[in-house]
Amino acid sequence: MRLYAVVVAGGFRRYATYRIETAAGVFTNTVFGFVLAYTYAALWDERPQLGGYDVSQALTYVWLGQALLMTCVMMGGGFEDELIERIRTGDIAVDLYRPVDLQLWWLAGDLGRAAFHLLGRGIVPMILGSLAFDLAMPESPGTWVAFLVAVVLGVVVSFAIRYLVALSAFWLMDGAGAAQIAFLAGMFFSGMLVPLNLFPGLLGEVARALPWSALLQVPADVFLGKHTGWGLVGVYAFQAAWALVLLLAGRLLQSVATRRVVVQGG
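Here is what the cut-offs are and how they apply
Residues numbered from 1 in each chain as written. Predicted model: local features only at pLDDT ≥ 70, side-chain atom pairs only at ≥ 80, totals over all residues. Heavy atoms only, no water. Helix = DSSP H or I, 4+ residues; strand = E, 2+ residues; numbered from the N terminus. Rg over C-alpha atoms; globule rule 2.2 N^0.38 Å. Buried < 20%, exposed > 50% of the residue type's maximum accessible area, 1.4 Å probe, protein only. Contact = heavy atoms within 4.5 Å. Patch = residues over 30% accessible without salt bridge, like charges linked within 9 Å, V, L, I, M, F, W, Y side chains within 5 Å. Areas by Shrake-Rupley, 256 points an atom, 1.4 Å probe, with all protein chains shown as cover. Salt bridge = Lys/Arg side-chain N within 4 Å of Asp/Glu carboxyl O. Phe/Tyr/Trp six-rings, centres within 6.5 Å; stacked < 30°, edge-to-face > 60°. Axes fitted to C-alpha atoms, helices over the stretch in contact; angles between N-to-C directions. Parallel < 35°, antiparallel > 145°, perpendicular 65-115°, else oblique. Left-handed = near helix turned anticlockwise from the far one by under 90°. Nonpolar A, V, L, I, M, F, W, Y, C, P; charged D, E, K, R; others polar.

Novice: How should I be thinking about the overall build of the chain in this particular structure?
Specialist: Of the regular secondary structure elements, the chain holds 12 helices and zero strands. Counting helices and strands in the order they occur from the N terminus, the chain gives α-α-α-α-α-α-α-α-α-α-α-α. The globule rule puts the C-alpha radius of gyration for 266 residues at 18 Å, and the 19 Å found for the chain is close to it. In terms of overall dimensions, the chain has C-alpha extents of about 65 × 40 × 35 Å along its principal axes. Looking at the chain residue by residue over its 266 residues, the buried ones come to 47%. A separation threshold of at least 6 residues defines the contact pool for the chain, and within that pool the share at least 24 residues apart is 79%.

Novice: What's the story with unusual backbone geometry in this structure? I'm lost.
Specialist: Glycine aside, negative phi is the norm for most residues, and most peptide bonds take the trans geometry. The residue Gln49 is not glycine, and still its phi comes out positive at about 65 degrees. As for its placement among the helices and strands, Gln49 is situated in the loop between α2 (19-46) and α3 (55-68). Even without being a glycine, Val73 presents a positive backbone phi close to 50 degrees. Structurally, Val73 is set in the loop between α3 and α4 (79-89). According to the relative accessible area criterion, Val73 is buried, its value standing at 5%.

Novice: Would you take a moment to explain a nonpolar patch on the surface for this structure?
Specialist: On the surface, a cluster of nonpolar side chains totalling about 540 Å² of accessible area is made up of Leu119, Ile123, Val124, Ile127, Leu128 and Leu131. As for its position among the elements, Val124 is in helix α6 (residues 102-132).

Novice: Would you mind going over the packing of aromatic side chains with me for this structure?
Specialist: The geometry of an aromatic ring pair is captured by two quantities: the separation of the ring centres and the angle between the planes. One pass over the full model with this rule turns up 18 aromatic pairs. Members of the aromatic cluster, connected to one another through ring pairs, are Phe34, Tyr38, Trp63 and Phe133.

Novice: Got a minute to help me understand the environment of Arg13 in this structure?
Specialist: If you trace the backbone, Arg13 turns up in helix α1 (residues 2-16). Under the relative-accessibility criterion, Arg13 is labelled exposed at 52%. Remark: the alpha-carbon pair of Arg13 and Arg113, spanning 100 residues in sequence, is separated by 8.3 Å.

Novice: So what exactly am I meant to see when it comes to the packing of α6 against helix α7 (residues 141-167) here?
Specialist: Packed helix pairs are characterised by how far apart their axes lie and by the angle those axes make with each other. One way to put it is that α6 packs onto α7 with a least axis distance of 10 Å and a crossing angle of 130 degrees. Overall, the two elements α6 and α7 adopt an arrangement that is oblique. Between α6 and α7 lies a crossing whose hand is right-handed. From α6, Leu102, Gln103, Trp106, Leu107, Asp110, Leu111, Arg113, Ala114 and Leu118 reach across to α7, where they touch Leu148, Val155, Val156, Phe159, Arg162 and Tyr163. By residue class, the composition of the contact of α6 with α7 is 11 nonpolar, one polar and three charged.

Here it is as structure tokens:
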């Protein structure tokens, strides 16, 4: 486990070197945060308590979305691009023969990346948003801890989805199409465009049951105090169940792909 802890730290340091890109990301997230915040303010002014949120909670949701956008990689562009390229070029054969678990290696690196983006690109827009708008910030330290746990679980679910997308390159030869589909699904079903609570009827029920809701909708509702007590346990179980199912699916595909590489190499 010490090896994977080193990989986590390495993933953090790797993204910390991109200072100009980080500053540009903070600026972009802040600008889009203000655009969305004023749009939400106008919408909630016409429809108070829309989706079960008051104006302050709706604005808080906007800035949480900007803080978690890259943390949970809801727009794609994480490790999967690099892994797809390694599969396409055949370099993945070297990775499969290394004395480390391929899935855990990439997961560790992605956790380091997520930690940096939460701190490097998440905190500043949130602070600026709180200075400009009346946000519903938690008063209890326990709520902050509960939120961070939900974020970690959301990052693992995000990784598991993107790992499956990357492994599809073993059969598709180019995972760009699968990555694009995952990107669109992530934007729509995570609640990044609008909270999933606004989706009507069956569409809303389905959207909230899909794994992408674990990336933003669940952490945001935990932050806003919508889940407490056994309700909090329930949403953690939801996130953990999707993480487990998707990680196991990834491990199964990894095993099949490994046998394929060994056969072709032989």
